[in-house]
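A closer look at the structure
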Amino acid sequence: MGKRKVKTKTSLGVLLESYRTLSYTWRHAIGEIVDNSVDSYLEHKDELPEGIDIRINYSSKDRSLEIIDNAFGMNEEDIESAVQVTRRHGKNYFSGGIGQYGLGLKKAATNLGDKWEIISLQKGGDTKYTVPVDVMKLYNDDADEVEVLDSKSKGNHG
């Protein structure tokens, strides 16, 4: 008899697919995403003296939902944290706020649809990050990674 260690693979696809089965209302999902926007503002309110604007756009024709804010936005490390399973927001996450557990954004977005994306440009930055997510493709592929696309942008932060 003895003991041994077993590595536990965390598959993003399996985790996200399991989120589809949770009893989580669309109201809670939208609230989670809006809460992330507010937390980003609160963490950087000295750098965002104009306040925060959060817009929610729904198109029944396209069956699409957009949540757009002018909060601080994410840099490369932040966007990677946002899509990794249970990775917290940065080393010193905003106390009691954004990224405390590393689950909310992924859980909320998956509750709202099987295909979603994160688009972010940090204030003062010139690189826009886009992460397209197809939950069922990730699940079927047993994927443990997603693509992060970056492009130069002089657009609005958030």
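Here, the structure is the one placed above.
Residues numbered from 1 in each chain as written. Predicted model: local features only at pLDDT ≥ 70, side-chain atom pairs only at ≥ 80, totals over all residues. Heavy atoms only, no water.

**Considering the overall build of the chain**
Short version of the rule: The way it works is that DSSP assigns letters per residue, a run of H or I at least four long becomes a helix, a run of E at least two long becomes a strand, and they are numbered from the N terminus. In this scheme, a residue with accessible area under 20% of its type's maximum is buried, one over 50% is exposed, and one in between is partly exposed, where area comes from a 1.4 Å probe on protein chains only. Should any heavy atoms of two residues lie within 4.5 Å, those residues are counted as being in contact. Surface exposure here means Shrake-Rupley accessible area, sampled with a 1.4 Å probe, where a residue is shielded only by the protein chains that are shown.
If you tally the helices and strands in the chain, you get five helices and five strands. Classification of the 158 residues of the chain by burial places 34% in the buried group. Taking as baseline every contact in the chain between residues at least 6 positions apart, the subset at least 24 positions apart corresponds to 56%. Total accessible area on the chain stands at roughly 10500 Å², and carbon and sulfur atoms take up 48% of it.

**With respect to unusual backbone geometry**
One non-glycine residue, arginine 63, lies in the positive phi region at around 55 degrees. Within the secondary structure layout, arginine 63 lies in the loop between strand S1 (54–59) and strand S2 (64–69). At aspartate 142, a position not held by glycine, the phi torsion is positive, near 50 degrees. One can find aspartate 142 in the loop between helix H5 (135–140) and strand S5 (149–152). Residue aspartate 142 is classed as partly exposed on the basis of its relative accessible area, which comes to 36%.

**Looking at the packing of helix H1 (residues 12–19) against helix H4 (residues 104–112)**
Test applied: Helix axes use the C-alpha atoms of the stretch in contact, all axes being lines fitted to C-alpha atoms, and the angles between their N-to-C directions lie in the range 0 to 180 degrees. Angular relationships are summarised with four words: roughly parallel below 35 degrees, roughly antiparallel beyond 145, roughly perpendicular across 65 to 115, and oblique for the angles in between. In this scheme the handedness of a crossing depends on how the near helix is turned from the far one: anticlockwise by less than a right angle means left-handed, clockwise means right-handed. Just so you know the grouping, Ala, Val, Leu, Ile, Met, Phe, Trp, Tyr, Cys and Pro go in nonpolar, Asp, Glu, Lys and Arg go in charged, and all remaining residues, Gly too, go in polar.
For the pair H1 and H4, the least separation of the axes is 8 Å and the interaxial angle reads 60 degrees. The orientation of H1 relative to H4 falls into the category oblique. Viewed along their axes, H1 and H4 form a crossing whose handedness is right-handed. Between H1 and H4, the contacting residues are Leu12, Leu16 and Tyr19 on the first element and Lys106, Lys107 and Thr110 on the second. Along the lines of polarity and charge, the residues of the contact of H1 with H4 split into three nonpolar, one polar and two charged.

**Focus on the pairing of strand S4 (residues 127–134)**
Counted only if it meets this: Note: two strands are recorded as paired if DSSP finds a minimum of 2 bridges between them.
In terms of strand pairing, strand S3 (residues 115–121) meets S4 through seven bridges, oriented antiparallel. For tryptophan 116, the partnering residue across the bridge sits in S4 and is valine 133. In sequence, S3 turns back onto S4 through a hairpin of five residues, with glycine 124 there showing a positive phi of about 85 degrees. As paired strands, S4 and S5 are joined by four bridges and run antiparallel to one another. Directly across from tyrosine 129, in S5, lies its bridge partner aspartate 150.

**Re the packing of helix H2 (residues 26–43) against H4**
One way to put it is that H2 packs onto H4 with a least axis distance of 9 Å and a crossing angle of 140 degrees. Classed by the angle they form, the pair H2 and H4 counts as oblique. Of the two elements, H2 crosses H4, and the hand of that crossing is left-handed. Contacts from Trp26, Ala29, Ile30, Glu32, Ile33 and Asn36 of H2 reach H4 at Gly104, Leu105, Ala108, Ala109, Asn111 and Leu112. Residues that form the contact of H2 with H4 fall into these classes: eight nonpolar, three polar and one charged.

**Some details on H1**
This is how it is decided: Throughout, the arc means that of the directions going from the helix axis to the C-beta atoms.
Along H1, the positions that sit buried rather than exposed are Leu12, Gly13, Leu16, Glu17 and Tyr19. Down the axis of H1, the buried set is contained in an arc of 150 degrees. They therefore lie on one face. As for H1, its buried residues are in contact with helix H3 (76–83), H4, S3, S4 and H5.

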